[in-house]
Amino acid sequence: MTEQLRIGQLFPTAIPPGAVRTGQASGTPASAKSFQEYLDDSQLRFSHHAELRLKQRGIVLQQEQMQRLESAVDKAAAKGAKDSLLIMNDLAFIVNVKNRTIVTAMDGAQLKDNVFTQIDSAVVVS
């Protein structure tokens, strides 16, 4: 195999723009997210403030409760909510829906006579 191979022999006509991909796996767009990024985007996060409030108020969330909160955030997002109040049993959470971040958490004692501002929706978590 000492023959030289030229591009013109492989592609006798002009190559259309965008037909040649460089630096990426075939079949994946340049802006594709990794599977881990999709997982990270779908999970709820806690702000530093929310983590402090959970510790101060002795609130411990079980896996089943986290799944219920994630489902409630999904419902709020489907309705176009931006900042939501989630009420679950005797707990309340303020959530930034777009970032999927719990901003603060309250228990029954803090819920009494409290006014919630800067929210555009409320979800009662069942």
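One can find the structure itself at the top, above this paragraph.
Residues numbered from 1 in each chain as written. Predicted model: local features only at pLDDT ≥ 70, side-chain atom pairs only at ≥ 80, totals over all residues. Heavy atoms only, no water.

Brief notes about the overall build of the chain
On a plain count of helices and strands, the chain comes out with five helices and five strands. Counting helices and strands in the order they occur from the N terminus, the chain gives α-α-β-α-α-β-β-β-α-β. Classification of the 126 residues of the chain by burial places 27% in the buried group. Long-range pairs, those at least 24 residues apart, make up 54% of the contacts in the chain with a sequence separation of at least 6. Summed over all atoms, the accessible surface of the chain reaches about 9,400 Å², with 53% contributed by carbon and sulfur. (Helix = DSSP H or I, 4+ residues; strand = E, 2+ residues; numbered from the N terminus. Buried < 20%, exposed > 50% of the residue type's maximum accessible area, 1.4 Å probe, protein only. Contact = heavy atoms within 4.5 Å. Areas by Shrake-Rupley, 256 points an atom, 1.4 Å probe, with all protein chains shown as cover.)

As for the sheet that holds strand β1 (residues 45-46)
Read from one edge to the other, the open sheet built from five strands follows the order β1-β4-β3-β2-β5, with strand pairing classed as mixed. Edge positions in the open sheet fall to β1 and β5 (121-125), since each of these has one partner strand only. Here strand β2 (residues 83-88) runs beside strand β3 (residues 91-96); their pairing, made up of six bridges, is antiparallel. From the neighbouring strand, Met88 faces β3, where its bridge partner is Leu91. Where helix α3 (residues 48-56) meets the sheet, it contacts β1, β3 and β4 (101-106), and its direction lies at approximately 30° from that of β4. (Pairing = 2+ DSSP bridges. Axes fitted to C-alpha atoms, helices over the stretch in contact; angles between N-to-C directions.)

Looking at the pairing of β3
The buried fraction of β3 amounts to six of the six residues, a majority that puts the element mostly inside the structure. Side chains of β3 alternate between two faces, with Leu91, Phe93 and Val95 and Ala92, Ile94 and Asn96 buried alike. Linkage of β2 to β3, two consecutive antiparallel strands, is achieved through a turn of two residues, within which Asn89 is found at a positive phi near 55°. Relative to β4, β3 is paired through five bridges, and the arrangement is antiparallel. Paired with Asn96 across the bridge in β4 is Thr101. Counting the residues in the hairpin turn of β3 and β4 gives four residues, including Arg100, whose phi is positive at 55°.

Brief notes about the side chain of Asp107
For Asp107, the position within the fold is in the loop between β4 and α5 (108-111). With no salt bridge to any partner, buried Asp107 finds its closest opposite charge in Arg57, at an N-O distance of 5.2 Å. For Asp107, the residues in contact, after removing those within four places along its chain, are Arg57, Ile59, Asp90 and Leu91. (Lys, Arg positive; Asp, Glu negative; His and termini not counted. Salt bridge = Lys/Arg side-chain N within 4 Å of Asp/Glu carboxyl O.)

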